[in-house]
Amino acid sequence: LSLKENPITDSADSGAATILLSNGQLDYDIGSNTRITVNTLGQDVFVDIFKAMEKLETALKNDDQDTLSSSLTDIDNSLNIILKYRSQIGARMNRMESTRNRLDVNSTDYQELLSNTEDVDIAEVIMNLKMEENIYRASLATGARIILPNLADFLR
């Protein structure tokens, strides 16, 4: 397992996993002129809670009651920040799920429309084929009766 800022893809299959670290947001197109951010930076979410935990640890080591109570307040505030980001991620997931469902429905509708446009009615096609076959046989029979060979045709 390796972490790289800008991973280089190699053609050899070494079996090693590469994780792409990004300092920016990743946006995906989910519709015409519609983009959605699909990532949240960890530093935005967890920096405050880590600082609050470090402050709590220092207060516990130094037996500082005032700092201890303020660090608990900082932890509550940090948890509120985490809950804010969690709700944002949940809203993104709901939007992605509704987009996926819409695309599934659209795919089914388009396949049905294509089927209605391109498919044939088998019963109608067989009936037309049989009618044309009967017309062809009748015209062959009529042509054979009109041009009956006679003895003079064989003598030529």
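In the block above lies the structure referred to throughout.
What counts, and where the lines are drawn
Residues numbered from 1 in each chain as written. Predicted model: local features only at pLDDT ≥ 70, side-chain atom pairs only at ≥ 80, totals over all residues. Heavy atoms only, no water. Helix = DSSP H or I, 4+ residues; strand = E, 2+ residues; numbered from the N terminus. Buried < 20%, exposed > 50% of the residue type's maximum accessible area, 1.4 Å probe, protein only. Contact = heavy atoms within 4.5 Å. Areas by Shrake-Rupley, 256 points an atom, 1.4 Å probe, with all protein chains shown as cover. Salt bridge = Lys/Arg side-chain N within 4 Å of Asp/Glu carboxyl O.

Colleague: Give me the overall build of the protein: which residues, what numbers.
Modeller: A tally of regular secondary structure across the protein gives 4 helices and 4 strands. Starting at the N terminus, the α and β elements of the protein follow one another as β-β-β-β-α-α-α-α. Across the 156 residues that make up the protein, the buried fraction comes to 10%. Expressed as a percentage of contacts within the protein between residues at least 6 apart in sequence, the contacts between residues at least 24 apart total 35%. When the accessible surface of the protein is totalled, it reaches about 13,200 Å², and 56% of it is carbon and sulfur.

Colleague: Can you explain unusual backbone geometry? Please cite residues and give values.
Modeller: Positive phi is not limited to glycine here, since N33 has a value of about 60°. Residue position: N33 is located in the loop between β3 (27-31) and β4 (34-37). Phi is positive for D63, close to 55°, though the residue is something other than glycine. Within the secondary structure, D63 sits in the loop between α1 (42-62) and α2 (65-118). On the basis of relative accessibility, which here comes to 58%, the residue D63 falls in the exposed class.

Colleague: Before we move on, can you summarise the pattern of salt bridges with the specific residues and values?
Modeller: Enumeration over the complete set of coordinates arrives at 6 salt bridges. K55 is paired through a salt bridge with D74; the nearest N and O atoms lie 2.8 Å apart. A residue pair is termed long-range when its members are at least 10 positions apart, and K55 in helix α1 and D74 in helix α2 qualify at 19 residues. You can call K55 partly exposed: its relative accessible area is 30%. With relative accessibility at 26%, the residue D74 sits in the partly exposed group. Linked by salt bridges that have partners in common, K130, E133 and R137 make up one network.

Taken by themselves, the reported measurements are silent on function.
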